[in-house]
Amino acid sequence: MRKLLLLMVLLMGGSSLYAAGIDSGDFMFSLYGGLGSGLQKTGVEFAGEKDFAWGNFGAELGLSGMYFPNPYLGLGADIHFSGFAGSEKEFWTKSGYHWHNYKMDLSTSLLQIMGVGRLYLNPEGTSRIYIPFGGGLTVTNSEFGYTEDDWYHIKRDYTATSLGYYVGLGWEVDWQDNSSFGLEARYNSFRYDMGNLAARVGIDSPVGEKDYSYISLVFTLSFR
């Protein structure tokens, strides 16, 4: 009987030693990084063409901290940076007997400071699924380079601030009592005036301030 009681105590102690999951009062600090891709075209007409990408593939880095008032919901703050290589285009047009050459390149970077949260579907598990979300300040800088017939070249940038947000789906696995790793897929959105930037290099465009978005896949490393 004593041996049985001792075995039960050891098992219970071992279970509590390796207990995992999210608890009320936890504070989580996360680092993350990954890749993203822009979803829309700029809508700016260039040398008789239009709809070149504002951002092709890019990279994203960030960190966040959040407090869990209950196991299902965490709330906190986040700062992350994204940089996108945009379009590089070259066009030839004919005017009379002459051919004209036009070149452009565009790159975009984003700095976002947001209030964020996680909504867990199974907070007690060692492998968890959750919905990440956030909203707040987005500082967007795009740089536009424009060359015409190799004699006229200009490069300008434009920085604007807007409200942005993201929402996604995440999965994480505990690998120690107080740490975990996982993946998040996010849909991200912000506003920017691409027409203002185009005007700075001498391209007239009817495009004003509009919504742009991108998807990202990030690897997360969290500690609590």
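Higher on the page you've got the structure.
Peer 1: In this structure, what is going on with the overall build of the chain? I would like to understand it.
Peer 2: What the chain contains, in helices and strands, is 2 helices and 10 strands. When the helices and strands of the chain are listed from N to C terminus, the series reads α-β-β-β-β-β-β-β-β-β-α-β. The burial tally for the chain puts 42% of its 224 residues in the buried class. Of all intrachain contacts in the chain linking residues separated by at least 6 positions in sequence, the fraction that spans at least 24 positions is 70%.

Peer 1: Teacher, can you tell me more about the packing of aromatic side chains here?
Peer 2: Aromatic ring pairs are defined here through the distance separating the ring centres and the angle between the ring planes. Under the definition given, this model contains 12 aromatic pairs. With a centroid separation of 6.3 Å and an interplanar angle of 65 degrees, the aromatic rings of tryptophan 54 and tyrosine 214 are classed as edge-to-face. Placement of tryptophan 54 in the loop between strand S3 (49–50) and strand S4 (57–70) and of tyrosine 214 in strand S10 (residues 209–223) is noted, with a sequence separation of 160 residues between them. The same class applies to tryptophan 54 as to tyrosine 214, namely buried. Their ring planes at 50 degrees and their centres at 5.8 Å tell us that phenylalanine 68 and tyrosine 120 sit as a pair that is tilted. Of this pair, phenylalanine 68 sits in strand S4 while tyrosine 120 sits in strand S6 (residues 98–120); the two residues are 52 residues apart in sequence, bridging distant segments of the chain. Residue classification places tyrosine 120 among the buried positions, given a relative accessible area of 2%. Among the aromatic side chains, those forming a connected cluster through ring pairs are Trp54, Phe84, Phe190, Tyr212 and Tyr214. Across the ring face of tyrosine 166, the terminal group of arginine 186 is positioned such that the distance to the ring centre comes to 4.0 Å.

Peer 1: I'm lost on the pairing of strand S1 (residues 27–38) in this one. Help?
Peer 2: Relative to S4, S1 runs antiparallel, the two being bridged by 11 bridges. Residue phenylalanine 29 lies in a different strand from S4, and its bridge partner there is glycine 65.

Peer 1: In this structure, what is going on with the nonpolar core? I would like to understand it.
Peer 2: Burial of nonpolar side chains together is a common tendency in soluble globular proteins. One finds Phe46, Trp54, Leu106, Phe144, Tyr192, Met194 and Ile203 to be the most contacted residues of the largest nonpolar core, which totals 25 residues. Those elements giving two or more residues to this core turn out to be strand S5 (73–95), S6, strand S7 (127–148), strand S8 (152–176), strand S9 (179–193), helix H2 (194–200) and S10. Broken down by element, this core gets its largest block of residues, 4 residues, from S6. Those residues in contact with isoleucine 203, other than ones at most four positions away along the chain, are Val44, Glu45, Phe46, Phe144, Tyr146 and Ala198. Membership of the second largest hydrophobic core comes to 9 residues, among which are Phe68, Val116, Tyr130 and Tyr166.

Peer 1: Looking at this structure, I do not really get the side chain of glutamine 112. What am I missing?
Peer 2: Inspection of the secondary structure assignment puts glutamine 112 in strand S6. Within the structure, glutamine 112 has its side chain in polar contact with the side chain of histidine 80 (distance 2.6 Å). Only 3.0 Å separates the side chain of glutamine 112 from the side chain of threonine 138, close enough to count as a polar contact. Discounting residues that sit within four places of it in the chain, glutamine 112 has contacts with Asp78, Ile79, His80, Leu137, Thr138 and Tyr214.

Peer 1: Hey, could you run me through the environment of glycine 182 in this one?
Peer 2: Here glycine 182 shows up in strand S9. C-alpha separation for the pair glycine 182 and tryptophan 171, spaced 11 residues apart in sequence, amounts to 5.4 Å.

Peer 1: In this structure, what is going on with the pattern of salt bridges? I would like to understand it.
Peer 2: Pairs may arise between side chains of opposite charge once their charged atoms sit close together. Scanning all chains against the criterion turns up 10 salt bridges. Residues lysine 155 and aspartate 105 are paired through a salt bridge, measuring 3.9 Å at the closest nitrogen-oxygen approach. With lysine 155 in strand S8 and aspartate 105 in strand S6, this pair connects stretches of sequence that are 50 residues apart. Using a relative accessible area of 38% as the deciding quantity, one classes lysine 155 as partly exposed. Among the residues examined, aspartate 105 registers a relative accessible area of 25% and is labelled partly exposed.

The rules behind these values
- Residues numbered from 1 in each chain as written.
- Predicted model: local features only at pLDDT ≥ 70, side-chain atom pairs only at ≥ 80, totals over all residues.
- Heavy atoms only, no water.
- Helix = DSSP H or I, 4+ residues; strand = E, 2+ residues; numbered from the N terminus.
- Buried < 20%, exposed > 50% of the residue type's maximum accessible area, 1.4 Å probe, protein only.
- Contact = heavy atoms within 4.5 Å.
- Phe/Tyr/Trp six-rings, centres within 6.5 Å; stacked < 30°, edge-to-face > 60°.
- Lys NZ or Arg CZ within 6 Å of the ring centre and 35° of its normal.
- Pairing = 2+ DSSP bridges.
- Core = buried A, V, L, I, M, F, W, Y, C linked by side-chain atoms within 4.5 Å.
- Polar contact = N/O pair within 3.5 Å; in protein donor to acceptor, adjacent residues only side chain to side chain.
- Salt bridge = Lys/Arg side-chain N within 4 Å of Asp/Glu carboxyl O.

That's the geometry; what it means functionally is another story.
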